[in-house]
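Spelled out, the chains give:
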Amino acid sequence: MSQITEKVAALEEEATSRIQAASKKEELNELFAKYLSKKGEVSSLMSLMREVPNEEKASFGQAVNACKNNVTKAYNEKKEAFEKEELAAKLANEKIDVTLPGNTLQQGHINPYYLIIDEVTDIFLDMGYEVVEGRDVETDRFNFELLNVPKDHPSRDMQDTFYISEELLLRTQTSAAQAHTMCDKNPKGPIKMICPGKAYRRDDDDMTHSHQFAQIEGLVIDKNISIANLKATLELFAKKMFGEKREIRLRSSYFPFTEPSVEVDVSCFNCGGKGCAMCKGTGWIEILGAGMVNPKVLEMCGYDPNEYSGFAFGVGVERVAMLRYGVDDIRRFYQNDVRFLKDYVGK
Ligand code: PHE
């Protein structure tokens, strides 16, 4: 073997053994650059051809090719070995235990307060009422003036108001929807509507007070409507809502937009009227305010009080929900605690 061919064999020996001994991928990459890249030592061997005597050129060429093939083969084998190792490590790391329990999906629930709104709404829809959508931002005119609460009226203090401007406010009662419905009705004629929605008052929140709460307003206007119609309607509502055996009683009260005005109690659905903690021993639970629409209100909203009369009522949604579901703190309805919310599914 000529000297120069020996050189090829030595380089092949050196390159393959170093490649086989490489312990890291980075090291292998460096060896590739050193021997097999375009300017690497193995690739450059062909440039020695000039120094090889003619009769040896053929065997030299073969030796260089063999060297290149063998070193490349060693490189490929090593590279594959590293890749296999890498994959094995990855698989070991990312092992999935299919026997582990999966993550349970938290299901959303309807706030019990909406369950009550739906229930009350259904009862009145069955009686032929129409559902009216009110608005949370009201004018002083619809929230107060048209409901017979002039600017200096003391009852404004009963409903401490969130004012947005002198004229705009967050409605303190869904009764504002009464005034809208009457004013919008053209030509004037019978009305039978309910309006579920939010009301806002400047209150310090505690277990029984909240600065925002829901009411369901009801309004019926027609010819010859009397307080007997109001009583019969609310009695039917109480029975459907709280049970067949329930009775109601009306107590005299005051609202500027109704005359006469009443507070309505339902016989206690917990003790049946005997007296318990829920009804504070009285046998009765107050559930809503109501009354005959004040003739002044009818007139201001465009109805002739000599021709038309009507009744109105306002149910406190949270109050009913608290009684129905035994909730002791009104703030729970707004805290979005899923433990609370999911307690009422399907009740
Ligand atoms: N708006 C009254 C309140 O918020 C309730 C009510 C409605 C009373 C309709 C009478 C008639 O207290």
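I will try to describe carefully the structure that is included in this document. (Residues numbered from 1 in each chain as written. Predicted model: local features only at pLDDT ≥ 70, side-chain atom pairs only at ≥ 80, totals over all residues. Heavy atoms only, no water.)

## Let's talk about the environment of Pro256
Definition in use: Helix and strand definitions follow DSSP, with helices as H or I runs of at least four residues and strands as E runs of at least two, each counted in order from the N terminus. Here the term buried applies to any residue with accessible area under 20% of the maximum for its type, exposed to any over 50%, and partly exposed to those in between, with areas from a 1.4 Å probe on protein chains only. What makes two residues a contact is simply this: any of their non-hydrogen atoms within 4.5 Å.
With respect to the helices and strands, the residue Pro256 is situated in the loop between strand 6 (248–255) and strand 7 (258–267). Residue classification places Pro256 among the buried residues on the basis of a relative accessible area of 5%. Placed 103 residues apart in sequence, Pro256 and His153 show a C-alpha to C-alpha distance of 9.2 Å. Apart from residues lying up to four places away in sequence, Pro256 is in contact with Leu147, Asn148, Val149, His153, Ser155 and Asn294.

## Digging into the side chain of Thr172
Here is the rule: In protein, a polar contact means a hydrogen-donor-capable atom and an acceptor-capable atom, both N or O and within 3.5 Å, with residues adjacent in sequence counting only if both atoms are side-chain atoms; elsewhere, any N or O pair within 3.5 Å suffices.
If you trace the backbone, Thr172 turns up in the loop between strand 3 (168–170) and helix 7 (176–184). Polar side-chain contacts of Thr172 include one of 2.9 Å to the side chain of Asn143.

## Examining a negative patch on the surface
Note the threshold: Patches draw on residues past 30% relative accessible area with no salt bridge. Two like charges within 9 Å are joined, as are two nonpolar side chains (Val, Leu, Ile, Met, Phe, Trp, Tyr) within 5 Å. We get accessible surface area from the Shrake-Rupley algorithm with a probe of 1.4 Å; when it comes to residues, only the shown protein chains can shield them. Any Lys or Arg side-chain nitrogen located within 4 Å of an Asp or Glu carboxyl oxygen qualifies as a salt bridge. Positive: Lys, Arg. Negative: Asp, Glu. His and the chain ends are not part of the count. For this purpose, a charge sits on NZ of Lys, CZ of Arg, CG of Asp or CD of Glu.
Together, Asp157, Asp160, Asp203, Asp204, Asp205 and Asp206 make up a region of like negative charge exposed at the surface. Structurally, the position occupied by Asp204 is in the loop between strand 4 (191–200) and strand 5 (212–222).

## Examining the site of the ligand
Which entries qualify depends on this criterion: We call a residue near a given molecule or strand whenever any one of its heavy atoms falls within 4 Å of it. Note on definitions: the grid is 1 Å and covers protein atoms alone; a cavity is a set of points where a 1.4 Å probe fits but cannot get out; a pocket is an open set with protein on both sides within 12 Å along at least five of seven lines; lining residues have an atom within 4 Å of a point. A molecule is counted as occupying a cavity or pocket when more than half of its atoms fall within 2 Å of that pocket's grid points.
Every one of the 14 residues lining the ligand counts as a neighbour, but Gln173, Ser175, Arg201, Gln215 and Glu217 are closest to it. Arg201 is positioned such that a nitrogen or oxygen atom in its side chain is 2.9 Å from an oxygen atom of the ligand. In this structure, an oxygen atom belonging to the ligand sits 2.8 Å away from a side-chain N or O atom of Gln215. Of all the cavities here, the one that holds the ligand is the largest pocket. Of all elements in the fold, only strand 5, strand 8 (284–293) and strand 9 (309–316) reach the threshold of two or more residues within the shell around the ligand. The element that contributes the greatest number of residues to the shell around the ligand is strand 9, accounting for 3 residues.

## Regarding the pattern of salt bridges
Tallied over the full model, the rule gives 15 salt bridges. The shortest N-O distance in the salt bridge between Arg324 and Glu119 comes to 3.0 Å. Placement of Arg324 in helix 10 (residues 317–325) and of Glu119 in helix 4 (residues 112–126) is noted, with a sequence separation of 205 residues between them. Looking at Arg324, the relative accessible area reads 27%, which means it is partly exposed. Looking at Glu119, the relative accessible area reads 25%, which means it is partly exposed.

## Digging into unusual backbone geometry
Between Asn186 and Pro187 the backbone carries a cis peptide bond, its omega angle lying at -5°. In this fold, Pro187 is placed in the loop between helix 7 and strand 4. For the peptide bond that leads from Glu259 to Pro260, omega is 0°, which places it in the cis range. Backbone geometry places Lys280, a non-glycine residue, at a positive phi of 55°. Look at Lys280 and you get exposed, because its relative accessible area is 75%. Of note, Asn336 is a non-glycine position whose phi angle comes to about 55°, a positive value. Since its relative accessible area comes to 56%, Asn336 is described here as exposed.

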